[in-house]
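Descriptive analysis of the structure
The chain contents come next:
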Amino acid sequence: MKILKDKTAIITGATRGIGRGIAETFAKQGANVLFTYSSSLDLAKEIEKDLSSEGVVVRGYKSDASSFEDCQKLVEEISQEFEVIDILINNAGITRDNLLMRMQEDDFDKVIEVNLKSVFNMTKAIQRTMLKQRFGSIINMSSVVGVKGNAGQSNYAASKAGIIGFSKSIALELGSRNIRCNVIAPGFIETEMTDVLDEKVVQEWRDSIPLKRGGTPFDIANTCVWLGSDMSSYITGQTIHVNGGLLT
Ligand code: NAD
């Protein structure tokens, strides 16, 4: 049985890493996948082609999640073809790590814009569609760092903690219309974002995780399937920690 059969999902930043894992898993579970990318047209085309073989509609859209205007245009364009949007996953994110002493104003602003303002932009843009249809599941990607903080990531931690407060508020605002809004706080997930880290540091992290491994994009994608599906129909305003027991 395909858990997301006939559902349509928008996923931001899905040409690699966790977003790509979500796109693949959603297509396999029967969902139409509408994903955004910031620059990699070739990759987007490849994903469209690969995932279409699952018998679902797959479309890539070039759209900057940190731009209010881009998000408005994106949802307008999508609405012309798709009347119903069941699921929105705000996944796009960046890091610009540094100790506060060395962090530039632009490092702070950029991370807040791409990680946090993007969630406002996309939620605001999809609101009308979901209010009209009287259902929807919004899933926002936070981080263990947004819950517990991390030295050298004050900008990232602030953006990810902000997502939790924003999501809880949206859950309260839109709950009466059967629109749910939840957060996933991944722990250490091994993707292109973490590939840049020193292997010794990565091994130390793995060793410190109770399940003794980094997570995979599919660990996060499966949680998105559950939060996007009717199996979680009474869950809203929650932060689901997917971290191998890192934070207990
Ligand atoms: P990644 O760098 O591999 O992928 C991020 C994606 O977002 C890329 O496809 C990138 O092109 C896209 N993106 C960046 N800026 C964008 C913009 N302005 N508009 C549209 N798309 C944009 O990272 P990942 O590891 O797959 O992380 C995905 C999400 O999960 C991020 O929000 C990240 O903060 C979060 N997260 C990751 C980890 C981890 O360990 N990998 C842990 C916790 C949270």
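Refer to the structure presented above.
Residues numbered from 1 in each chain as written. Predicted model: local features only at pLDDT ≥ 70, side-chain atom pairs only at ≥ 80, totals over all residues. Heavy atoms only, no water.

**Side note on the packing of aromatic side chains**
Quick reminder of the rule: Put simply, two rings from Phe, Tyr or Trp (the six-membered ring, in Trp's case) pair if the centres are within 6.5 Å, and we call them stacked under 30 degrees between planes, edge-to-face over 60, tilted for the rest. Only DSSP runs of H or I reaching four residues or more are called helices, and only runs of E reaching two or more are called strands; each is numbered from the N terminus. Buried means the residue's accessible area, taken with a 1.4 Å probe over protein chains only, is under 20% of the maximum for its type, while exposed means over 50%, and partly exposed covers the values in between.
Enumeration over the complete set of coordinates arrives at two aromatic pairs. Geometrically, the ring pair formed by Phe68 and Phe120 is stacked, given 6.1 Å between the ring centres and 25 degrees between the ring planes. One end of the pair, Phe68, is in helix α3 (residues 68-81); the other, Phe120, is in helix α4 (residues 105-133), with 52 residues separating them in the sequence. Aromatic side chains Phe188 and Trp205 sit 4.8 Å apart centroid to centroid with 80 degrees between the ring planes, which places their arrangement in the edge-to-face category. Here Phe188 is found in the loop between β6 (179-186) and α7 (192-195), whereas its partner Trp205 is found in helix α8 (residues 199-208), with 17 residues between them in sequence. The exposure class assigned to Phe188 is buried, which follows from its relative accessible area of 8%.

**What to know about the sheet that holds strand β7 (residues 239-242)**
Stated formally: DSSP-based pairing: two strands are paired if at least 2 bridges between them are found. Interaxial angles span 0 to 180 degrees and are taken between N-to-C directions of axes, which are lines fitted to C-alpha atoms, for helices over the stretch in contact.
If you walk across this open sheet you meet the seven strands as β3-β2-β1-β4-β5-β6-β7, and the pairing is parallel. Bordering the open sheet on either side are β3 (58-62) and β7, each of which pairs with just one other strand. Neighbour-to-neighbour, the strand axes of this sheet turn through a mean angle of 20 degrees, independent of strand direction. Relative to β3, strand β2 (residues 32-37) runs parallel, the two being bridged by five bridges.

**Topic: the site of the ligand**
Going by this rule: Any residue with a heavy atom positioned within 4 Å of a molecule or strand is treated as near that molecule or strand. We call two N or O atoms a polar contact when they sit within 3.5 Å, provided that within protein one can donate a hydrogen and the other can accept it, with sequence-adjacent residues counted only if both atoms are side-chain atoms. The Shrake-Rupley method, run with a 1.4 Å probe, gives the accessible areas here. Residue values count only the displayed protein chains as cover.
Around the ligand, 27 residues are found, and the nearest of them are Arg16, Ile18, Asn91, Tyr156 and Thr191. A distance of 2.7 Å separates an oxygen atom of the ligand from a polar side-chain atom of Arg16. Ile18 is positioned such that a nitrogen or oxygen atom in its backbone is 2.7 Å from an oxygen atom of the ligand. Coverage of the ligand by the protein amounts to 92% of the 830 Å² it exposes when considered alone. Where the shell around the ligand is concerned, the elements lending two or more residues are α1 (17-28), α6 (154-174) and α7.

**A word on the packing of α4 against α6**
Applicable threshold: Put simply, angles under 35 degrees are roughly parallel, angles over 145 are roughly antiparallel, angles from 65 to 115 are roughly perpendicular, and the rest are oblique. Helix crossings get a hand from a simple test, with the near helix turned counterclockwise from the far one by less than a right angle marking a left-handed crossing and a clockwise turn marking a right-handed one. Only heavy atoms matter for contacts: two residues are in contact if any of them lie within 4.5 Å across the pair.
Packing of α4 against α6 brings their axes to within 8 Å, and their N-to-C directions diverge by 15 degrees. On the basis of the axis angle, α4 is roughly parallel to α6. Crossing of α4 against α6: the hand is right-handed. For the pair α4 and α6, contact is made by Asp107, Phe108, Val111, Ile112, Asn115, Leu116, Val119, Phe120, Thr123, Gln127 and Leu131 and by Asn155, Tyr156, Ala158, Ser159, Lys160, Gly162, Ile163, Phe166, Ile170 and Leu174, respectively.

**Details of helix α9 (residues 217-228)**
What counts here: One less than the number of residues in a helix, times 1.5 Å, gives the span that helix is expected to have.
Between its first and last C-alpha, α9 extends 16 Å over twelve residues, near the 16 Å set by a 1.5 Å rise per residue. Every buried residue of α9 is listed here: Pro217, Ile220, Ala221, Thr223, Cys224, Val225, Leu227 and Gly228. Close packing links the buried residues of α9 with α1, β4 (87-90), β5 (136-141), β6 and β7.

**Things to note about the state of the cysteines**
Here is the rule we go by: The disulfide criterion used throughout: a pair of cysteine sulfur atoms within 2.5 Å.
A complete count under the given rule lists zero disulfides for this structure. Of all cysteine sulfurs in the structure, the one in Cys181 sits closest to Cys71, which takes part in no disulfide; the separation is 15 Å. Overall, the relative accessible area of 0% leaves Cys71 in the buried class. With no disulfide of its own, Cys181 lies closest to Cys224 among cysteine sulfurs, the gap being 12 Å.

**Some details on the pairing of strand β1 (residues 8-11)**
Cut-off, in case you're wondering: Whether a crossover is right-handed comes down to one check: with the strands pointing away from the viewer, does the path from the first strand over the helix to the second run clockwise; if it does, it is right-handed.
In β1, alternate side chains face the same way, and those of Thr8 and Ile10 on one face and Ala9 and Ile11 on the other are all buried. As paired elements, β1 and β2 share four bridges and run parallel to each other. Across the sheet, the residue bridging to Ile11 is Phe35, located in β2. The parallel pair β1 and β2, bridged by α1, forms a crossover whose chirality is right-handed. The pairing of β1 with β4 spans three bridges and is parallel. Directly across from Ile11, in β4, lies its bridge partner Ile89.

**What to know about the layout of surface pockets**
Put simply, the rule is: Grid points spaced at 1 Å and placed over the protein atoms alone form the basis of the search, with a cavity being a set where a 1.4 Å probe fits but cannot get out and a pocket an open set showing protein on both sides within 12 Å along at least five of seven lines. Lining residues have an atom within 4 Å of a point. Grid points are joined across faces, edges and corners, and a volume is the space filled by probe spheres set on the points. Ten residue types, Ala, Val, Leu, Ile, Met, Phe, Trp, Tyr, Cys and Pro, are classed as nonpolar, four, Asp, Glu, Lys and Arg, as charged, and the remainder, Gly among them, as polar.
Looking at the second largest pocket, its volume works out to about 310 Å³. As for the second largest pocket, its lining consists of 13 residues, and the residues nearest its centre are Val75, Ser79, Ala125, Arg128 and Thr129. Of all the secondary-structure elements, those providing two or more residues to the lining of the second largest pocket are α3 and α4. No other element matches the seven residues that α4 contributes to the lining of the second largest pocket. Broken down by class, the residue content of the lining of the second largest pocket amounts to three nonpolar, five polar and five charged.

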